[in-house]
Amino acid sequence: GLYLLIPVLLIAGLLLNNIFANSENSAKGAVIQLSIEGGIGPATDDYIERTLESAIESGAELVIIQMDTPGGLDSAMRGIIKNIANSTVPIASYVAPSGARAASAGTYILYASHIAAMAPGTNVGAATPVQIGGISPPSPQKIKKDKPANDNQSKDQPEDGVSEDASKQKIINDAVAYIQGLAQLRGRNPQWAEKAVREAASLPANDALKLNVIDIVATSMDDLLQQIDGREVVIHGVQRTLNTSEASIIQIVPDWRSRLLSVITNPNVAYILMLIGVYGLILEFYNPGAILPGTIGAISLLLALYAFQLLPINYAGIGLILLGIALMVGEAFEPSFGVLGIGGVISFVIGSIILIDTDAPGYGIDISIIITFAVTSVLIFIVVVGLALKSRRRPVVSGLEELIGGEAIVVNDFDHQGTVIIHSEHWQALSDTPLHKSQQVKVTGIKGLTLIVEPLDSTISENTV
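Draft legend 1. Here's a closer look at the overall build of the protein chain. Tallying secondary structure elements over the protein chain gives 15 helices and 16 strands in all. Looking at the 465 residues of the protein chain, the share that counts as buried comes to 41%. Summarising the internal contacts of the protein chain: among those between residues at least 6 apart in sequence, 66% fall at separations of at least 24. Just so you have it, the protein chain exposes about 24,400 Å², and 59% of that area is on carbon and sulfur atoms.

Draft legend 2. Representation of the packing of helix 2 (residues 42-58) against helix 3 (residues 74-85) within the structure. Where helix 2 meets helix 3, the axes come as close as 8 Å, and the angle between the chain directions of the two elements is 10°. On the basis of the axis angle, helix 2 is roughly parallel to helix 3. Note on element contacts: helix 3 touches helix 2 through Ala 76, Gly 79, Ile 80, Asn 83 and Ile 84, opposite Pro 42, Thr 44, Asp 45, Ile 48, Glu 49 and Leu 52. Looking at the contact of helix 2 with helix 3 residue by residue, the classes come out as six nonpolar, three polar and two charged.

Draft legend 3. Quick peek at a nonpolar patch on the surface. Where nonpolar side chains cluster on the molecular surface, the patch consists of Ile 342, Ile 346, Ile 350, Ile 353, Ile 354, Ile 367, Ile 371, Val 375 and Leu 379 and spans about 810 Å² of accessible area. Breaking the nonpolar patch down by element, the ones donating at least two residues are helix 14 (339-353) and helix 15 (367-393). Structurally, the position occupied by Ile 371 is in helix 15.

Draft legend 4. Broad picture of the sheet that holds strand 3 (residues 91-95). Taken in spatial order, the six strands make up an open sheet running 8-5-3-2-1-11, and their pairing is parallel. Unpaired on one side and paired on the other, strand 8 (216-217) and strand 11 (249-251) mark the two borders of the sheet. Relative to strand 5 (residues 115-118), strand 3 is paired through four bridges, and the arrangement is parallel. Within the sheet, the bridge partner assigned to Val 95 lies in strand 5 and is Met 118.

Draft legend 5. Molecular detail of the packing of aromatic side chains. For the structure shown, the criterion picks out two aromatic pairs. The interplanar angle of 75° and the centroid separation of 6.0 Å between the aromatic rings of Tyr 271 and Phe 373 together place this pair among those described as edge-to-face. In this pair, Tyr 271 sits in helix 11 (residues 267-286) while Phe 373 sits in helix 15, placing the two residues 102 residues apart along the sequence. The exposure class of Tyr 271 is buried, given its relative accessible area of 0%. The exposure class assigned to Phe 373 is buried, which follows from its relative accessible area of 16%. Of note, Arg 78 hangs over the ring of Tyr 178, and the distance from its end group to the ring centre comes to 4.1 Å.

Draft legend 6. Fine view of the sheet that holds strand 16 (residues 450-455). With mixed pairing, five strands are arranged side by side around a closed barrel as 12-13-14-16-15. Across the sheet, the axes of successive neighbouring strands diverge by a mean angle of 55°, strand direction being ignored. Pairing of strand 13 (residues 417-422) with strand 14 (residues 425-430) involves six bridges; the strand directions are antiparallel. Looking at strand 14, one finds that Ile 422 is bridged to Glu 425.

Draft legend 7. Looking closely at helix 10 (residues 256-264). Within helix 10 the residues assigned to the buried category are Ser 258, Leu 261 and Ile 264. Summarising the axial view, the buried residues of helix 10 lie within an arc of 135°, below the 170-degree limit, and thus occupy one face. On its buried face, helix 10 is in contact with helix 2, helix 11 and helix 12 (292-308).

Draft legend 8. Spatial organisation of the packing of helix 3 against helix 4 (residues 105-112). At a closest axis distance of 10 Å, the pairing of helix 3 and helix 4 adopts a crossing angle of 10°. Taken together, the axis directions place helix 3 and helix 4 in an arrangement best described as roughly parallel. Here Met 77, Ile 80, Ile 81 and Ile 84 of helix 3 come into contact with helix 4, specifically with Ala 105, Tyr 108, Ile 109 and Ala 112. Residues that form the contact of helix 3 with helix 4 fall into these classes: eight nonpolar, no polar and no charged.

Draft legend 9. Representation of the environment of Asn 412 in the model. Within the element layout of this structure, Asn 412 appears in the loop between strand 12 (407-410) and strand 13. Sequence separation between Asn 412 and His 436 is 24 residues, and the spatial gap between their C-alpha atoms is 6.4 Å. Excluding anything up to four places from it in sequence, Asn 412 contacts Thr 419 and Lys 437.

Draft legend 10. Expanded view of the nonpolar core. By size, the foremost hydrophobic cluster in this structure holds 81 residues, and its most contacted members are Tyr 108, Tyr 271 and Phe 348. Within the second largest apolar cluster, 19 residues are counted, among which are Leu 62, Ile 64, Leu 225 and Ala 247.

Draft legend 11. Structural detail: the pattern of salt bridges. Within the structure shown, the criterion is met by seven salt bridges. A salt bridge links Arg 78 to Asp 74; the nearest nitrogen and oxygen atoms lie 3.0 Å apart. Remark: Asp 74 and Arg 78 occur in helix 3; sequence separation between them is four residues, near one turn of the helix. Looking at Arg 78, the relative accessible area reads 23%, which means it is partly exposed.

Draft legend 12. Spatial organisation of the side chain of Asp 46. Note on placement: Asp 46 falls in helix 2. Asp 46 sits in the buried class, given a relative accessible area of 11%.

Draft legend 13. Fine view of the pairing of strand 2 (residues 62-68). Among the seven residues in strand 2, six count as buried, and that is most of the element. The pairing of strand 1 (residues 31-37) with strand 2 spans seven bridges and is classified as parallel. Counted as the bridge partner of Gln 33 is Ile 64 from strand 2. As paired elements, strand 2 and strand 3 share five bridges and run parallel to each other. Paired with Val 63 across the bridge in strand 3 is Ile 91. In this fold, the crossover linking strand 2 to strand 3 by way of helix 3 has right-handed handedness.

Calculation criteria
Counting of residues starts from 1 at the beginning of each chain's written sequence and follows it residue by residue. Restriction of local features to residues with pLDDT of at least 70 applies here, the model being predicted, together with a cutoff of 80 or more for giving and counting side-chain atom pairs; totals for whole chains, interfaces and linings are based on all residues. The side-chain numbers reported here are obtained from all heavy atoms of the structure, hydrogens and water having been left aside. The numbering of helices and of strands both runs from the N terminus, where a helix is a DSSP run of H or I of at least 4 residues and a strand a run of E of at least 2. For each residue, the accessible area found with a 1.4 Å probe, counting protein chains only, is set against the maximum for its type, and the residue is called buried under 20%, exposed over 50%, and partly exposed in between. Here a residue-residue contact requires only that any non-hydrogen atoms of the pair lie within 4.5 Å. The Shrake-Rupley method, run with a 1.4 Å probe sphere, supplies the accessible areas, and residue values consider only the shown protein chains as cover. Axis lines are fitted to C-alpha atoms, over the contacting stretch for helices. Their N-to-C directions set the angle, which ranges from 0 to 180 degrees. Should an angle fall under 35 degrees it is taken as roughly parallel, and over 145 as roughly antiparallel, whereas 65 to 115 is taken as roughly perpendicular and any remaining angle as oblique. Three categories are distinguished: nonpolar for Ala, Val, Leu, Ile, Met, Phe, Trp, Tyr, Cys and Pro, charged for Asp, Glu, Lys and Arg, and polar for the others, with Gly belonging to the last. Think of a patch as exposed residues, more than 30% relative accessible area, with no salt bridge, where like charges cluster within 9 Å and nonpolar side chains (Val, Leu, Ile, Met, Phe, Trp, Tyr) cluster within 5 Å. Salt bridges are identified by distance alone: a Lys or Arg side-chain nitrogen within 4 Å of an Asp or Glu carboxyl oxygen. When DSSP finds two or more bridges between a pair of strands, those strands are recorded as paired. Pairing of aromatic side chains here covers Phe, Tyr and the six-membered ring of Trp, requires ring centres within 6.5 Å, and sorts the geometry by plane angle: under 30 degrees stacked, over 60 edge-to-face, intermediate tilted. Counting as a charge over the ring demands two things of the Lys NZ or Arg CZ atom: a distance within 6 Å of the ring centre and an angle within 35 degrees of the ring normal. For this quantity, the arc is that covered by the directions from the helix axis to the C-beta atoms. As used in this record, nonpolar core signifies buried Ala, Val, Leu, Ile, Met, Phe, Trp, Tyr and Cys residues forming a set joined through side-chain atoms within 4.5 Å. Call a crossover right-handed when, viewed with both strands pointing away from you, the route from the first strand across the helix to the second goes clockwise.

Structural data, given as C-alpha cells:
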C-alpha cells in the first residue's frame with residue numbers, strides 16, 4: 001500500500017504545481033485589484049506586502065488599491081508606503097466607490113502611489129496626525145489661529161505670546177515633511193498636502209483633480225483602466241507605458257492569514273485575549289491540575305502578546321490592569337471591607353482606558369467591553385473566589401479528618417488501648433488516661449486507623465459502676 005501511495009502523492013504534487021504555475025501565468029500582464037476598507041493596521045500592511053510580492057513575481061501590468069479608509073496606525077501606513085515606493089510594478093490608488101474617503105493615512109498612501117484616482121462623490125484629506133505616545137497634536141483651529149499673518153514669516157513660528165508645545169510641533173513638522181516628500185516624488189501639489197496636515201483640510205474628487213492632488217476622476221474600474229491606458233509612469237527612474245485597455249482584472253482578497261491577523265490585532269479582541277489569558281492562568285494556579293484553564297489561558301496570552309507588539313501599547317496601562325486584578329484577588333483572599341476591591345476596579349478601568357496609546361480611527365477599546373470585564377472581574381475574584389475560599393475554611397464533613405473533634409463512646413474498660421464507637425462504627429483507640437465502659441470521649445487525632453481520644457469531661461456515665 002505504501003508503494004502505491006508514493007506515486008499518487010507525486011502526481012498530486014505535479015498537478016498542484018501546474019495549477020499554481022497556470023495561475024501565475026494568468027496574472028502576467030493582468031491588473032491586480034486589492035482593497036483597503038476600514039482602519040489601516042498591521043493586517044493591512046501584511047496583506048499589501050504579500051500581494052505586491054506576488055504581483056511582482058507574476059509579472060502583473062498594474063496593481064490597483066481600491067480604498068475607503070478613515071485612516072489608521074502610522075507604523076502600518078509607513079510600511080505600506082515603503083512597499084509602494086520599492087515596487088517594480090506600477091501602483092494606482094483608487095478611492096471608490098462613491099461615498100468613500102481616503103482620510104488621514106489614506107491621504108499619504110494616495111500621494112505615494114504612481115497614479116492617484118478618485119470616484120465622484122469621494123473625498124481626500126484630514127491628514128493631521130492623531131495622538132501617538134501620549135502626545136496630542138494641535139487642533140486645526142489652534143493651528144489656524146497661531147498661523148502668522150505675514151506669509152514671508154516662517155509657517156512653523158507661532159505669533160508673539162503664543163507658544164506651541166515642541167513635541168506637538170515635532171509631530172506636525174515630521175508629517176508635513178513626509179507628505180511633501182511624497183508629493184515631490186510623484187509631482188503632486190505639495191502646498192495642499194501641507195494644508196491637509198496642518199489644517200486637516202479635505203477635498204472632494206473634482207477639486208482634488210483641479211489642484212493636482214490626484215491624476216484622474218474615474219466613475220468605475222473600467223473607466224479608470226481606459227483613462228490610464230498609454231499613460232507613462234516612472235518606476236525607479238525608468239519610464240514605463242501602461243497597457244491596460246484590454247487587461248483582465250484579478251481581485252485578490254485577504255487570505256486566512258490576513259483575516260486572522262486582522263482579528264487578533266483588533267484592540268478589543270487583543271484586550272479580551274489578554275484578560276482570558278490572565279484569568280486562565282490564575283484559575284490554573286488556584287486549582288493545579290485542571291489543565292483546561294491553563295491551556296486556554298496560555299494560548300490566549302501568547303496571541304495577545306503577539307498582537308500587542310504590533311499595536312501602540314501603553315505599558316502603564318498593562319501595569320494598572322495587572323495591579324487591579326491583583327488587588328481584586330487580594331480582596332477575595334483577605335477581605336478589607338471593599339478597600340482592595342474598589343481600588344482594584346479603579347486601577348483596572350483606568351489601565352484599560354489608556355492601554356491603547358493612540359486615537360487612530362478604529363483602534364480604541366470600546367468602553368462597554370471595559371465595563372463588562374470590570375464587572376466580570378469583580379464577580380470572579382471577589383464573589384466566586386471568595387465563596388470558594390469560605391468553603392475551604394468550613395469544617396470537613398467527610399473522610400477521616402471529619403472524625404477529629406467528634407464524640408465517641410467507650411465499648412469496654414481499657415487502660416491504654418481499646419475500642420470506641422463513633423458514627424455507629426467500632427474504632428481502635430489510644431488514651432493516656434484509663435477509660436470506662438460507656439464513657440464519652442473526644443477524638444483529638446488520628447494515627448493510621450487508630451483514634452487518639454481523651455475524656456470529654458471528668459464525669460462518668462451513669463451506667464458506669
